[in-house]
Amino acid sequence: MKFDSKILEGPLAEKWTKHKFTQKLVNPANKRKYDIIVVGTGLAGASAAASLAELGYNVKAFTYHDSPRRAHSIAAQGGINAAKNYQNDGDSVYRLFYDTIKGGDYRAREGNVYRLAEVSVDIIDQCVAQGVPFAREYGGLLANRSFGGAQVSRTFYARGQTGQQLLLGAYSALSRQVANGKVKMYTRTEVMDIVMVDGKARGIVTRNLITGKVESHAGHAVLLCTGGYGNVFYLSTNALNCNASATWRAHKKGALFANPCFTQIHPTCIPVSGEYQSKLTLMSESLRNDGRVWVPKKAGDKRKPEDIPEAERDYFLERRYPSFGNLVPRDVASRNAKYVCDEGRGVGESGLAVYLDFADAIKRDGMNTISAKYGNLFDMYAMITGEDPYKTPMRIYPAVHYTMGGLWVDYNLMTTVPGLYAMGEANFSDHGANRLGASALMQGLADGYFVIPYTIGDYLATMPADKITVDRPEFKEAETGVVNLVKRLLSINGQKTPGQIHKELGKIMWDYCGMSRSAEGLKSAREKVRALKEEFWRNVKVVGTGDELNLSLEKASRVADFLELGELMIVDALNRNESCGGHFREEYQTEDGEALRDDANYAYVAAWEYKGPNQDAELHKEELIFENVKLTQRSYK
Amino acid sequence: MLNEKREFYLALSIQHLNFERRMNLKLRIWRQRDANSKGALVDYEVKVNPHMSFLEMLDELNETLQQKGQEPVAFDHDCREGICGSCNLFINGRPHGPMQTTTCQLHMRHFHEGETVVIEPWRAKAFPIVKDLIVDRSAFDRIVQAGGYISVNTGSARDANEIPIPKIIADEAFNSAACIACGACVAACKNASAMLFVGAQISKLALLPQGKAERKATGRENGGSDGCGGFWSLLQYRGLLG
Ligand SMILES: Cc1cc2nc3c(=O)[nH]c(=O)nc-3n(C[C@H](O)[C@H](O)[C@H](O)COP(=O)(O)OP(=O)(O)OC[C@H]3O[C@@H](n4cnc5c(N)ncnc54)[C@H](O)[C@@H]3O)c2cc1C
Ligand code: SF4
Ligand code: FES
């Protein structure tokens, strides 16, 4: 398969400008002849739908939520990066580019990342104009804070609800276009398949989640803005309905899936408290500034933390990383917590947690100082766990948080299927093997507001504006496929609910393809996932019927795709014989247990091609070329 | 203020910690096949772990129902962090239950052994029932479409720091903007009026200079009200999250 990133030669800083100039344009009068289908109305989708409608295109937008404002983007907390340099602290487009490339452990394209940094400044302007109430200084100017992986303050935020405020901005722009009649909004509508006509993406098949009605929509291009796939792991910080079905079904229609094994695990989440647990809640990383992470030295020590004397505690991050201590990066902190729990030294009822202790900080700075800094986090922790973190250490554990992998896209955000685009967390484009905090919101909005409006014209200009109807056989065939899928799921009538199978899958993925991976473990995990998939199609129990609101059916249809994607993640992790970013292979570490990259052999994007049911996916490599940054090994000792 | 709030939360949670691992509850849940069918309260008995969240308790019930071949109780939810506004249960006669938090943030330790818990959908004309506990809140979207935006096209914004906005105004605008569109205010109001929600939308736009040009046209002249600041305690709750 031939694929080309379409990034122009030439100096980094000129690539995007030049590229925009080489793009073909659709003249204003012709834009209204084109119909664009936008799937997903989170940050990426809402910003794209609104911007394209403003340009004059006809947009149909789809979400399974009851309103665009409920997309998972709403939950983002910390902030959004932009190279504004308002703080005069040495930030620049180049520095944001550099931090992002390095933070991604040198597994992203220079050209893409530079463009992201370049348009980041426009995003802030746009959002402020929409009325997004970013935090401000007393003088009325915008405030910033700093985030992991950066030495400058470039993160814009709206208290702990940045994602909410940005999404409401994009949602209001979208609502304006709905009112103008330029966007037709379909809520509680799940996209079940992509329809190809003459080798191009020309439409979708949807299922109305209230009535179960299956129908088709045709257009000239399809944009997938459907979010990440962290829920393959069952437990994650993602919203419960996040799923991978749209991207996975696109993959089956020919779109390559890139770097599926690159997942981010966040070290400070509230640990699992029991079998019934449905999701994991993120606690701010900032807690590690004052909290000390420890576990008992002895395995199986069940004493209360207060009763364990200082000499019998192991402050394992401080011990292993004397210079960074508790502030090592996300992946390092997560991995080490796992190691001590694997040794039987984990704490709490489940043994899957480590302490984050503020006793010393409270002794040093006083209760009031700590409460002023972290009071709200402490409250939240108390609310969820019923324990008082002022009196007893918090218990934390890592959790799946974000997926860097996704559909392969070129510089125009087009997948390997002509006319099919992927944006936001759904694509793989900008974060390499590890995403920096506050960069996902930036990327989603960059894609939607400032990239796709330029690049989609280049494709549309080459195709006739003639509309096709959904009476064509390609649409009928795809609809039949969906109807049959529903029928098949309902007819199995086995013993296990979709939720049970999802949970089992999550456990396999977490144990073998989570924070730490080995060839041996991955091989056995692959067998286990295959067996589970086989069991799913034989033994799943889906209640109710197809022509009503049916949560059991929705879940089953998503879990079926998680099972297949899970296997590909394992295959990808097995193929990548190196450790980089969020991908840690036990065989590839330095003498003192740190991640060991292999730039000579693995500085490439692994893009997988679907070859049919139960066939091995085929690997295609996009070599990564670094002309501007020098590849170095990270060290936090 | 900060400490008071802390005491409040801790008092509420800690005192229940000594519960047995499982407690017995009787649930009376509104079941309704679809918009056109008649609904009724149906009784269920559950044994719950007090550490569970309210929705996890329902998840467990739903797993049991499905294993028995029965349909799960349909309810809306997604983020389970108190921010998406999806969850919306009317619990023992109060929207979101007894704790002044969103339904998803409510934990079972706030109930006691043997208690009967009545779970109903939002009941308001504006929110027709879709199925069981799920209602149609698309009226909120229509309100925003009717003028809940500033008319600015992508690309035509000036530099973000060109219009300074005093911190106090920015903070106030934020408070209104924090509404999560859960609909509790409508469900709680005897007249099922959406005034809190609408107030929240209007006042954000009326406060900010960016909304100025359009004030007359969209009725934002009167300033609106603060809304509830995003389901009551939500703000305090997530305020400093990083
Ligand atoms: C707890 C948490 C905190 C975070 N905090 C930050 C932060 O501070 N800063 C930061 O930069 N990033 C943060 N992130 C990451 C960031 O929030 C996400 O990566 C980002 O919001 C994804 O946006 P999106 O538009 O790509 O997708 P989403 O917002 O996930 O939207 C997906 C959309 O697709 C729709 N959809 C999906 N599948 C279908 C289908 N088959 N049919 C119809 N519709 C479909 C959904 O309904 C939804 O509208 C955080 C993530 C989490 C989990
Ligand atoms: S004003 Fe408050 S109660 Fe009403 S919808 Fe908004 S958050 Fe919910
Ligand atoms: S599930 Fe999102 S607010 Fe409760």
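(A) Region of the structure containing the confidence of the model for chain B. All names here are of chain B. Averaged over chain B, the pLDDT score is 83; the fraction of residues at 70 or greater is 80%. The low-confidence segment residues 1–20 (pLDDT under 50) makes 41 contacts with residues lying over four places distant or belonging to another chain. Scored as a whole, the predicted complex attains pTM 0.94, and scored at its interfaces, ipTM 0.93.

(B) Representation of the interface of chain A and chain B within the structure. Listed per partner, the contact involves 96 residues of chain A and 91 residues of chain B. Both sides of the chain A and chain B interface together cover about 8000 Å² of buried area, and 53% of this is carbon and sulfur. The interface formed by chain A and chain B contains six salt bridges. Put simply, Arg33(B) and Glu548(A) hold a salt bridge, and the shortest N to O gap is 3.0 Å.

(C) Layout of the site of ligand 1. Around ligand 1 sit 38 residues in total, of which Thr63(A), Ser73(A), Gly78(A), Val191(A) and Glu425(A) are the nearest. Surrounding ligand 1 are residues belonging to chains A and B, so the site spans chains. Between ligand 1 and His65(A) there is a distance of 2.8 Å, counted from an oxygen atom to a side-chain nitrogen or oxygen. At a separation of 2.9 Å, an oxygen atom of ligand 1 approaches a polar backbone atom of Ala440(A). Look at ligand 1: alone it shows 1000 Å² of surface, and the protein chains cover 98% of it. Contributing elements (two or more residues each) for the shell around ligand 1: helix H3 (43–55), strand S7 (189–197), strand S16 (394–403) and helix H12 (440–460) of chain A. Counted by class, the shell around ligand 1 contains 16 nonpolar, 18 polar and four charged residues.

(D) A look at helix H2 (residues 54–67) of chain B. Between the first and last C-alpha of H2(B) there are 20 Å, a value that for 14 residues agrees with the 20 Å anticipated at 1.5 Å per step. Where H2(B) is concerned, the buried positions are Phe54(B), Leu55(B), Glu56(B), Met57(B), Leu58(B), Leu61(B), Asn62(B), Leu65(B) and Gln66(B). Those residues of H2(B) that are buried are in contact with helix H14 (498–513) and helix H16 (551–575) of chain A together with strand S1 (23–31), strand S2 (40–48), strand S3 (90–91) and strand S5 (116–120) of chain B. Residue Gly69(B) follows H2(B) closely and has a positive phi angle near 85°.

(E) Quick look at the packing of aromatic side chains. Residues and elements named next belong to chain A. All told, the structure shown has 26 aromatic pairs over all chains when counted by the stated rule. Ring centres 4.9 Å apart and planes at 90° place the aromatic pair Phe-3 and Trp-408 in the edge-to-face group. With Phe-3 in the segment before helix H1 (12–22) and Trp-408 in the loop between strand S17 (406–407) and strand S18 (420–422), this pair connects stretches of sequence that are 405 residues apart. Trp-408 shares its class with Phe-3; the two are buried. For the ring pair Trp-294 and Tyr-315, a centre distance of 6.2 Å and an interplane angle of 45° mean the geometry is tilted.

(F) Structural view of the sheet that holds S7(A). Residues and elements named next belong to chain A. A sheet is described by the order of its strands in space; here three strands give the open sequence S7-S8-S9, paired in antiparallel fashion. Looking at which strands have only one partner, the edges of the open sheet turn out to be S7 and strand S9 (214–218). Ignoring strand direction, the axes of neighbouring strands in this sheet form an average angle of 30°. Relative to S9, strand S8 (residues 200–208) runs antiparallel, the two sharing five bridges. By the bridge assignment for S9, Gly-203 is matched with Ala-218.

(G) Molecular detail of the environment of Gly448(A). Residue and element names in this part refer to chain A. With respect to the helices and strands, the residue Gly-448 is situated in helix H12. Residue classification places Gly-448 among the buried positions, given a relative accessible area of 0%. For Gly-448 and Ser-47, which are 401 residues apart along the polypeptide, the C-alpha to C-alpha distance reads 4.8 Å. The contacts of Gly-448, once residues within four sequence positions are left out, are Ala-44, Ser-47, Ala-48, Ser-51, Met-423 and Pro-453.

(H) Broad picture of the side chain of Glu54(A). One can find Glu54(A) in helix H3. If sequence neighbours within four positions are ignored, Glu54(A) has contacts with Arg176(A), Gln177(A), Val152(B), Asn153(B) and Thr154(B).

(I) Broad picture of unusual backbone geometry. All names here are of chain A. Notably, Tyr-234 is not glycine yet its phi reads approximately 65°, a positive angle. Despite not being glycine, Asn-259 has its phi angle at roughly 45°, a positive value. Among the structural elements, Asn-259 can be located in the loop between strand S11 (257–258) and strand S12 (263–269). Accessibility expressed as a relative area gives 2% for Asn-259, which makes it buried.

(J) Representation of empty space enclosed by the protein in the model. This structure, assessed with the given rule, holds 12 cavities of 30 Å³ or more. Here the second largest cavity is characterised by a volume of approximately 130 Å³. In this structure, the second largest cavity is lined by 13 residues; those nearest its centre are Arg69(A), Leu168(A), Gly148(B), Gln201(B) and Lys204(B). Contributing elements (two or more residues each) for the lining of the second largest cavity: helix H6 (162–179) of chain A together with helix H4 (167–177) and helix H6 (195–207) of chain B.

(K) Summary view of the domain arrangement of chain A. All names here are of chain A. Split by domain assignment, chain A resolves into domain 1 (265–400) and domain 2 (476–623). Here the C-alpha centroids of domain 1 and domain 2 sit 30 Å apart. At the junction of the two partners, domain 1 supplies 14 residues and domain 2 supplies 11 residues. Between domain 1 and domain 2, roughly 1000 Å² of surface is buried when both sides are summed, and carbon and sulfur atoms account for 57% of that area. Considering only the surface of domain 1 that becomes buried against domain 2, Ile-265, Arg-335 and Lys-338 emerge as the three largest contributors, covering 44% of it. Joining domain 1 to domain 2, the criterion identifies two salt bridges. When the shortest N-O distance is used, the salt bridge between Glu-275 and Lys-503 registers 3.7 Å.

Thresholds applied
- Residues numbered from 1 in each chain as written.
- Chains lettered and ligands numbered in written order.
- Predicted model: local features only at pLDDT ≥ 70, side-chain atom pairs only at ≥ 80, totals over all residues.
- Heavy atoms only, no water.
- pLDDT = per-residue confidence, 0-100.
- Contact = heavy atoms within 4.5 Å.
- Buried area = accessible area lost by both parts, 1.4 Å probe.
- Salt bridge = Lys/Arg side-chain N within 4 Å of Asp/Glu carboxyl O.
- Near = heavy atom within 4 Å.
- Polar contact = N/O pair within 3.5 Å; in protein donor to acceptor, adjacent residues only side chain to side chain.
- Areas by Shrake-Rupley, 256 points an atom, 1.4 Å probe, with all protein chains shown as cover.
- Helix = DSSP H or I, 4+ residues; strand = E, 2+ residues; numbered from the N terminus.
- Nonpolar A, V, L, I, M, F, W, Y, C, P; charged D, E, K, R; others polar.
- Expected span 1.5 Å × (residues − 1).
- Buried < 20%, exposed > 50% of the residue type's maximum accessible area, 1.4 Å probe, protein only.
- Phe/Tyr/Trp six-rings, centres within 6.5 Å; stacked < 30°, edge-to-face > 60°.
- Pairing = 2+ DSSP bridges.
- Axes fitted to C-alpha atoms, helices over the stretch in contact; angles between N-to-C directions.
- 1 Å grid on protein atoms, 1.4 Å probe; cavity = no way out; pocket = protein on both sides within 12 Å on 5 of 7 lines; lining within 4 Å.
- Points joined across faces, edges and corners; volume = space filled by probe spheres on them.
- Domains from an automatic or database assignment.

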